[in-house]
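# Examining the three-dimensional arrangement
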Amino acid sequence: MENGHPSEPRFVCDDHLGKLARYLRVGGFDAAFDRDMTDSRLIRIALDERRWILTRDHRLVERTLVRNLFFIEQDRWPDQLRAVLARFGLTFRKNRLFSRCLEDNGWIEPVSKESISQRVFPFTYQHHEEFFLCPICRRVYWSGTHVEAMIRRLERFGIMVSG
Ligand SMILES: [Zn+2]
């Protein structure tokens, strides 16, 4: 399955913004990032994949010809996240939380419970019905209390989640 929200902006985050990338993924937004993100790689991914660069680096802003670039002034991830949501008019929605793999940005897919029976602990298997698989890293995700916990966490940081 491809990204189900083709009209949304897609992002690539510089190496200072790993936490922002992770929280964008929590909201189901497409945020490329990895630990070895050099400036040249950042720019190449932005151009090749038509992504917005999110960066904390003043010099990069001055050096690059990439126009789709948003400078992040804030130090803390909740402030950074609020700035990105406001700039691009995005909202966190409950039904999209955890629709992406937090590790690699993969779009996770529903799988049958039986198909992952050997991949999760028996307790988890017994107590959950809906399971999802990341096609990139093969991590198994399940819906559960962590969704409600994440909503409370986000709201504590001033990021509203609509229903
Ligand atoms: Zn993954």
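Structure: see above.
Residues numbered from 1 in each chain as written. Predicted model: local features only at pLDDT ≥ 70, side-chain atom pairs only at ≥ 80, totals over all residues.

## With respect to unusual backbone geometry
Unusually for a residue other than glycine, Phe98 sits at a positive phi of about 60°. With respect to the helices and strands, Phe98 occurs in the loop between β5 (92-93) and β6 (109-111). (Helix = DSSP H or I, 4+ residues; strand = E, 2+ residues; numbered from the N terminus.)

## Some details on the packing of helix α1 (residues 18-26) against helix α4 (residues 77-88)
Packing of α1 against α4 leaves a shortest axis separation of 9 Å and a crossing angle of 55°. Compared by their axis directions, α1 and α4 come out oblique. Relative to α4, α1 is oriented so that their crossing is right-handed. Residues Lys19, Leu20 and Tyr23 of α1 touch α4, and the partners they reach there are Trp77, Gln80 and Leu81. When the residues that make up the contact of α1 with α4 are grouped by side-chain class, the tally is four nonpolar, one polar and one charged. (Axes fitted to C-alpha atoms, helices over the stretch in contact; angles between N-to-C directions. Parallel < 35°, antiparallel > 145°, perpendicular 65-115°, else oblique. Left-handed = near helix turned anticlockwise from the far one by under 90°. Contact = placed C-beta atoms within 7 Å. Nonpolar A, V, L, I, M, F, W, Y, C, P; charged D, E, K, R; others polar.)

## Side note on the sheet that holds strand β7 (residues 131-133)
Two strands in a sheet stick together by hydrogen bonds in their backbones, pointing the same way (parallel) or opposite ways (antiparallel). In space, the three strands of this open sheet follow the order β6-β7-β8, with antiparallel pairing throughout. Edge positions in the sheet fall to β6 and β8 (140-142), since each of these pairs with one other strand and no more. In this sheet, adjacent strand axes meet at a mean angle of 45° when their direction is disregarded. Judged from the three bridges that link them, β7 and β8 form a sheet pairing that is antiparallel. From the neighbouring strand, Leu133 faces β8, where its bridge partner is Val140. (Pairing = 2+ DSSP bridges.)

## Some remarks on the environment of Arg96
By the element assignment, Arg96 lies in the loop between β5 and β6. The sequence separation of Arg96 and Arg25 amounts to 71 residues, and the corresponding C-alpha distance is 9.7 Å. Leave out the neighbours within four places in its chain, and Arg96 touches Gly27 and Gly28.

Don't take any of this as a statement about function, it's just geometry.
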